[in-house]
Amino acid sequence: MVADSLTVSVLQAALESTADGILVVDVEGKIVSHNRRFEEMWRLPSPLIATNGDATGRRRLIQHLQEQLRNPEYFVDGIEERYAEAESDSFDILNFKDGRVLERYSIPLRLDGRSVGRVWSFRDVTARRRAECIQEAVYRISHTAHTAENLLELLRAIHEIVGELMPAKNFYVSLHNSDKGQLEFPYFVDEIDLTCEVRPRELRKGLTEYVLRTGRPLLATPEVYEQLVEAGEVELIGAPSIDWLGVPLRVKDRSIGVVVMQTYSEGVRYGQSELDILTFVSSQMAMAVERKRIEDALRAQTGLLQQIVDNIPVMLVSLDQTGRIKWGNREWSRTLGYTVTEATQRDILVDLYPDPVDQQRVRDSIGAPTGVWTDFRTRTKQGTVLETIWANAPLGASEWLGIGVDVTERKRSEERYRAFIAQSSEGVSRIEIDPPVAVTLSEDAQINLVYERARIAECNDAMARMYGYHEASELLGTRLADLHDAADAANRDQIRSFIRSGYRLSSSETRERAR
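Quick caveat, the model's predicted, so the values are computed rather than measured.

Parameters and conventions
- Residues numbered from 1 in each chain as written.
- Predicted model: local features only at pLDDT ≥ 70, side-chain atom pairs only at ≥ 80, totals over all residues.
- Heavy atoms only, no water.
- Phe/Tyr/Trp six-rings, centres within 6.5 Å; stacked < 30°, edge-to-face > 60°.
- Helix = DSSP H or I, 4+ residues; strand = E, 2+ residues; numbered from the N terminus.
- Buried < 20%, exposed > 50% of the residue type's maximum accessible area, 1.4 Å probe, protein only.
- Lys NZ or Arg CZ within 6 Å of the ring centre and 35° of its normal.
- Salt bridge = Lys/Arg side-chain N within 4 Å of Asp/Glu carboxyl O.
- Core = buried A, V, L, I, M, F, W, Y, C linked by side-chain atoms within 4.5 Å.
- Contact = heavy atoms within 4.5 Å.
- Pairing = 2+ DSSP bridges.
- Polar contact = N/O pair within 3.5 Å; in protein donor to acceptor, adjacent residues only side chain to side chain.

K.L.:
Could you give an account of the packing of aromatic side chains, with specific residues and numbers?
P.N.:
Inspection of the entire model under this criterion finds 11 aromatic pairs. An angle of 50° between the planes, with centres 5.5 Å apart, marks the rings of tryptophan 42 and phenylalanine 75 as tilted. Here tryptophan 42, found in helix α2 (residues 36-42), pairs with phenylalanine 75, found in helix α5 (residues 72-84); they are 33 residues apart in sequence, far enough to count as distant. With respect to burial, tryptophan 42 and phenylalanine 75 carry one shared label: buried. Through pairs of rings, three or more aromatic residues link up here, namely Phe38, Trp42, Phe75, Phe96 and Phe122. Here the guanidinium or amino end of arginine 100 rests over the ring plane of phenylalanine 96, the centre of that ring lying 4.2 Å away.

K.L.:
Run through the pattern of salt bridges, naming residues and quoting values.
P.N.:
Where side chains of opposite charge bring their charged atoms close, a pairing between them can arise. Evaluation of the coordinates by the stated rule reveals 39 salt bridges. Here arginine 43 ties to aspartate 98 by a salt bridge, and the two come within 3.1 Å at their closest N and O atoms. Placement of the pair is arginine 43 in the loop between α2 and α3 (46-50) and aspartate 98 in the loop between β3 (90-95) and β4 (101-111), with a sequence separation of 55 residues. Classification of aspartate 98 by relative accessible area gives partly exposed; the value is 40%. Beyond isolated ion pairs, a larger network of salt bridges with shared partners links Arg410, Glu414, Arg418, Arg430, Glu432 and Glu458.

K.L.:
Tell me about the nonpolar core, residues and numbers included.
P.N.:
The biggest cluster of nonpolar side chains holds 36 residues, and the ones touching the most others in it are Phe171, Met261 and Leu278. Those elements that provide at least two residues to this core are α6 (126-147), α7 (151-163), β6 (171-177), β10 (243-251), β11 (254-263) and α10 (272-311). In this view, leucine 278 contacts Val162, Met166, Leu245, Val247, Val259 and Met261; residues no more than four positions away in its chain are not counted. If you look at the next biggest cluster of nonpolar residues, it comprises 20 residues, including Phe38, Leu65, Phe75 and Leu94.

K.L.:
Outline the pairing of strand β1 (residues 21-26), supporting the account with residue identities and numerical values.
P.N.:
For β1, the buried fraction is high: 6 of the 6 residues fall into the buried class. With burial as the criterion, each face of β1 is covered, one bearing Gly21, Leu23 and Val25 and the other bearing Ile22, Val24 and Asp26. Direction of pairing for β1 relative to strand β5 (residues 114-124): antiparallel, over a ladder of 6 bridges. Residue pairing in the sheet places valine 24 in a bridge with valine 119 of β5. Of the pairings in the sheet, the one linking β1 to strand β2 (residues 31-34) comprises 3 bridges and is antiparallel in character. Following the sheet pairing, valine 25 is matched in β2 by isoleucine 31. Counted along the chain from β1 to the antiparallel partner β2, the turn is 4 residues long, and its residue glycine 29 has a positive phi close to 95°.

K.L.:
Outline the environment of arginine 130, supporting the account with residue identities and numerical values.
P.N.:
Mapped onto the fold, arginine 130 is located in helix α6. For arginine 130, a relative accessible area of 30% puts it in the partly exposed group. For the pair arginine 130 and valine 258, spaced 128 residues apart in sequence, the C-alpha to C-alpha distance is 23 Å. If we skip the residues at most four places from it in the chain, arginine 130 touches Ser273 and Ile277. Within the structure, arginine 130 has its side chain in polar contact with the side chain of serine 273 (distance 2.4 Å).

K.L.:
Please set out unusual backbone geometry residue by residue, giving values where relevant.
P.N.:
For the bond from aspartate 434 to proline 435, the omega torsion is 0°, close enough to zero to count as cis. In this structure, proline 435 sits in the loop between β17 (429-433) and α16 (443-453). Although it is not a glycine, lysine 252 sits at a positive phi angle of roughly 60°. By relative accessible area, which is 82% here, lysine 252 ends up exposed.

K.L.:
An account of the sheet that holds β6 is needed here, citing residue identities and associated values.
P.N.:
In space, the 6 strands of this open sheet follow the order β8-β7-β6-β11-β10-β9, with antiparallel pairing throughout. Edge positions in the sheet fall to β8 (201-202) and β9 (218-220), since each of these pairs with one other strand and no more. Judged from the 9 bridges that link them, β10 and β11 form a sheet pairing that is antiparallel. Residue pairing for β11: valine 247 is matched across the bridge by valine 259.

This is the structure we're talking about:
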């Protein structure tokens, strides 16, 4: 008898020392034994356990257990299946309405080789499962950062992911635009502030700015909020919430924004657990948001550049070192008549420059210093020959950007102008000052340098004959000082007026030297 009592005491102590909830029932479902942990897990009052001796009492007990579960039918089905298969083992997961998760194990209780009941074991794995869910959430956020089309799609997915970890009906993300000193709200979902101003706004003294300023997570319960208001740290912006939970989105050592959740119902409250979860996932959120924000900015910039490239009235082509065209813009196709597909399928330079000498000149010009323009006569697909000028710029290894302009009409206009000037009976000339004169110098210093550096760059025959020359070519390159008496006060006054008018020539008289 003493040995039996000792055995019972040892077994009872073992039951009470385990972290699992243990329940032992007979073949009819009547409780034979259980430990205190089982009562705590299921929040069972002692009287309810004591009344399980009959079917009615057992039904009340099972109903009490069911009321705590998200899927009560699943719980009952598991019990019935075990009684139907008395020799079977089982394992399943029970999800509670309060967020707890239990693992349920069951094995037959055998005595002398026959089943006399069943042992149920319940293990609280809430913390472990929550950690697994959080880790999975972090992975999903990282994955979504690569698959989302834009920032809005990313934030919508993040809201959904966070909502699987905790209540997140009211959720928004605010980003700090440091250049403009503003808060931007790329994502805002709120059941109360349906008409809340979500346009960018100046920094104020809201809770969002407080978290951004301090760089620390904040769980603002009504009591904490009142303390912050009394301290002059914050002021109410938007509808008042019960719990306000905000965590900074930090990238390296700076806060780029704040992720916020808030509740308006006493039935939904936030605590340290929700603060810890949101803080944990915020690092991955911040990196994902920053990545997507950079991608969106790059996409916008790329789109702008593409619009410029497509609409600029300049021919642009990408060439390799041999002159094979890899890409061309709309203006290139419009001007020359070839599609990019036609240009990339063959050596298009053969069509554009039928003369082998011209072809070689084009190929030799590839890789010329940036900004150097070269004249070419380019034949279009329709057979028209255009006067074009081309320059190039390096795009990368063995690739160049060709920049071309159709100057056919401009050259025709210049030729008509030169023909008009050449036939004019009035003397016309163009003077170049090389190198230019610094306008910061005194007027007398500028006058001296104008006489020293100014030369005839272009003139007609009439102008040359005025100085005693036969034709324009004889006058080209002549210094202004050789034509003017630089010491003559009237001439110097004329140059002074020229300088004061911003180097623009007006009607004036000068004393000139003939040949």
